[in-house]
Amino acid sequence: MVSQRQRLQQQVAAPLPQNPQLVLVTDLDGTLLGGSTAWRRRFYAWLQRNREQVLHVFCTGRDLPSIARLLQDDADHGLAAPHLVIGDVGCTVACGQSLEPVPLAVEPIEARWQGKPERLLPLLEGAAGLSPQPLTADRRLAYYYDPECFEPDLVTALEAHGVDCLFSDNRYLDLLPAGVNKGSTLLALLELLEVDPSRVVTAGDTLNDLAMFETGLAGVMVGNAEAALLVELPRLTRTYLARGHGCEGIVEGLQHFGFGPLLAGC
Ligand SMILES: [Mg+2]
């Protein structure tokens, strides 16, 4: 009998840690890419040294080509590829090393996206305050929106076609298959990984991270979180608001959740 985890490993080029003490799930912009240069270097070096103890997952709105560019460009800060990537705001799952999509995780999302663009694009064409983002946007549609002139009634018309409209950072609008987001895809991935949920910590800074915090897993809202996300904090019982920005906030949150001993040397 092949376990889910073995099936996952067969589809991921690089070996996953056998028995990680921590599964760290980080948003990128404003979170893992946030904070001072000194903190970023220190934290990225710690991640590098602890690859067997810490299973690292990017969980981002970026698409795979953008993540590939980041991993090349950020070489001077020392950011290494994670073990796994959740991209496209939860619509893509890929191996962190090869950035090849993982069929086991992607196919259920693909099935929910079938036929959606054909129905949505006519509604979006020429809509006020919208412009497409220049990216591949797999299994979603990605736009910039202008809060000044965007027409809110459009949301109802779009969502009637089985998608969720996700606004983030006061400028991004993502159309995702209904029920698919960073949180749902993370929970599905954790099931494949067969990890103990008490070993998982998530971190983020904008509204597209809210679904991760709503999973009930330990969450770190970094100190530079956007105002619209901070409003949600009181009902997020497992989410810790850090003082530090970006990487410094992640470290502070890991200490809060009892992972201090693992952070030795960071
Ligand atoms: Mg962010």
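Criteria and cut-off values
- Throughout, residues of each chain are indexed from 1 in the direction in which the sequence is written.
- With pLDDT at 70 or above as the cut-off, local features in this predicted model cover only qualifying residues; side-chain atom pairs require 80 or more to be listed or tallied, and sums for whole chains, interfaces and linings still use all residues.
- Any two strands with at least two DSSP-identified bridges between them are counted as paired.
- Numbered from the N terminus, helices here are DSSP runs of H or I no shorter than four residues, and strands are runs of E no shorter than two.
- Only the contacting stretch of a helix is used when fitting its axis, a line to C-alpha atoms as for every element, and angles between N-to-C directions run 0 to 180 degrees.
- We call two residues in contact when the distance between their C-beta atoms, placed using the backbone, is within 7 Å.
- As annotated, the domain borders come from an automatic or database domain assignment.
- Gly falls in the polar group here, along with every residue not listed as nonpolar (Ala, Val, Leu, Ile, Met, Phe, Trp, Tyr, Cys, Pro) or charged (Asp, Glu, Lys, Arg).
- With C-beta atoms placed from the backbone, a residue is buried if 20 or more other C-beta atoms are within 10 Å of its own, exposed if 12 or fewer are, and partly exposed between those counts.

S.K.: Would you mind going over the sheet that holds strand β4 (residues 92-95) with me for this structure?
M.R.: Think of a sheet as strands paired side by side through backbone hydrogen bonds, with each pair either parallel or antiparallel. Here 7 strands make up an open sheet; going across it, the order is β4-β3-β2-β1-β9-β10-β11 and the pairing mixed. Single-partner strands in this sheet number two, and they are β4 and β11 (239-241). Taken over all neighbouring pairs, the strand axes of this sheet differ in orientation by 20° on average, direction set aside. Across 4 bridges, the pairing between strand β1 (residues 22-26) and strand β9 (residues 200-204) is parallel. Note on β9: the bridge partner recorded for Leu24 is Val201. Where helix α11 (residues 246-256) meets the sheet, its contacts fall on β1, β9, β10 (218-221) and β11, and the angle it forms with β9 comes to roughly 150°.

S.K.: Whenever I open this one, the domain arrangement of the protein confuses me. Can you help?
M.R.: Interface size, as often reported, equals the accessible area lost upon joining of the parts. The assigned domain composition of the protein is domain 1 (4-109 + 180-263) and domain 2 (113-177). For domain 1 versus domain 2, the distance between C-alpha centres works out to 25 Å. Taken together, the contacts link 16 residues of domain 1 with 16 residues of domain 2. Looking at the side of domain 1 that touches domain 2, its residues break down into 6 nonpolar, 7 polar and 3 charged.

S.K.: Is there a simple way to think about unusual backbone geometry in this case?
M.R.: Most peptide bonds take the trans form, and the phi angle of most residues other than glycine is negative. Positive phi outside glycine occurs at Val89, with the angle close to 55°. Along the chain, Val89 falls in the loop between β3 (84-87) and β4. Given 29 C-beta atoms within 10 Å, Val89 falls into the buried group. For Leu99, which is not a glycine, the phi torsion comes out positive at approximately 60°. Turning to its location among the elements, Leu99 is positioned in the loop between β4 and α5 (103-113).

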